[in-house]
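Examining the three-dimensional arrangement
So the chains spell out like this:
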Amino acid sequence: MITNFISLLDFTGDQLAMLLDRAIADKAIWRAGQLPHTLSGKTLAMIFEKPSLRTRVSFETAMNDLGGHAIHLTQAEIGIGSREAVQDIARVIGRLCDGIMARTFSHQFVETMGRYADVPVVNALTDFSHPCQAMADVMTIREHFGGLAGKTITFVGDGNNVARSLSVACHKLGMNFILACPRGYELQDPFLAEFGPSYRVEHDPQLAVTSADCVYTDTWVSMGQEDEKEKRRRDFTGYQLNMDLMAHAPKHAIILHCLPAYRGFEITDEALEAHFETILDEAENRLHFQRTLLNILMGEGGIP
Ligand code: CP
Ligand code: NVA
């Protein structure tokens, strides 16, 4: 039984597929207005060291949908690692609440919480990864195409936290992941060497999208990299997701973006608007995936 959701590397493909099956089934029950209050009386502590729209709203709504409650805690209030050591925060919240969701710069902080808290800990984005996002993304692809096996995501942009989680999700779920990035912005993780042909780096974005079912992008400047903004914007010239690039992709290819989008930089208005309905499905699926995840972790004792 796995009691935390910190890295997709911790799970088998079957476990991830089971989570998707459950999330898709629960979404239908929710749409029918028949979702039971399985987390009634339970509280999720939500720790945010970085800003958020989707993550905060989707986790809080998920708890509300399940009859539970969520507490929003910012870095200004709790001072992770400055006012209080991360292991102390984790142990105290473990006594007061039934689950922890954390968005931090340091991935180690979330791992430490997972070790010290005796309640489930969910990674809601670190500098290293964004597993809830990747699961909502593959859920969207599965709903759109009716399956995942053999599908290809071409990620045009920075080898960042979102790209890393997507590459793992793709490998585990029998999909292909192509990272189209400028030299120097590749993912560097040793585990990628074991992914075989399911993971590929391509420096020519036009070539990279020719086999894409989904063309994905994310900001060139992640939270915490604001000092590198000008350099990054220069370095990523030629890696914009625009309609000219989409002309090289198969006609059926969709665009996904985790949002927030920086229009005119990593993606044009035109490309974003042309695919905004699917991107909204993707944002909505954050709620559906995470609600199922919380239900399993906080209501059923973990992921079998
Ligand atoms: N995609 C995502 O995590 O959005 P927020 O940063 O607004 O939560
Ligand atoms: N890579 C982005 C994702 C935002 C949801 C960041 O870390 O800022």
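Below you will find a few notes about this structure. (Residues numbered from 1 in each chain as written. Chains lettered and ligands numbered in written order. Predicted model: local features only at pLDDT ≥ 70, side-chain atom pairs only at ≥ 80, totals over all residues. Heavy atoms only, no water.)

Attention now moves to the site of ligand 1. Every residue close to ligand 1 is listed here: Ser52, Leu53, Arg54, Thr55, Arg103, His130, Gln133, Cys258, Leu259 and Arg286. Residue Arg54 places a side-chain N or O atom 2.8 Å away from an oxygen atom belonging to ligand 1. If ligand 1 stood free it would expose 260 Å²; the protein chains cover 95% of that surface. Residues that form the shell around ligand 1 fall into these classes: three nonpolar, four polar and three charged. (Near = heavy atom within 4 Å. Polar contact = N/O pair within 3.5 Å; in protein donor to acceptor, adjacent residues only side chain to side chain. Areas by Shrake-Rupley, 256 points an atom, 1.4 Å probe, with all protein chains shown as cover. Nonpolar A, V, L, I, M, F, W, Y, C, P; charged D, E, K, R; others polar.)

To continue, consider the packing of aromatic side chains. Evaluated as defined, the whole model comprises eight aromatic pairs. Ring geometry for Phe155 versus Tyr216: centroids 5.5 Å apart, planes at 15 degrees, classification stacked. Here Phe155, found in strand 5 (residues 152-156), pairs with Tyr216, found in strand 8 (residues 214-217); they are 61 residues apart in sequence, far enough to count as distant. Neither residue differs from the other here; Phe155 and Tyr216 are each classed as buried. Where Phe191 meets Phe195, the ring centres are 5.7 Å apart and the plane angle is 45 degrees; that geometry is what we call tilted. A residue is classified by how much of its surface remains accessible, and Phe195, at 8% relative accessible area, is buried. Ring pairing ties together the aromatic residues Phe155, Phe177, Tyr199 and Tyr216, which thus form one cluster. We note Arg233 situated over the ring of Phe265; from NZ or CZ to the ring centre the distance is 3.5 Å. (Phe/Tyr/Trp six-rings, centres within 6.5 Å; stacked < 30°, edge-to-face > 60°. Helix = DSSP H or I, 4+ residues; strand = E, 2+ residues; numbered from the N terminus. Buried < 20%, exposed > 50% of the residue type's maximum accessible area, 1.4 Å probe, protein only. Lys NZ or Arg CZ within 6 Å of the ring centre and 35° of its normal.)

By themselves, these are just geometric observations and shouldn't be taken as functional.
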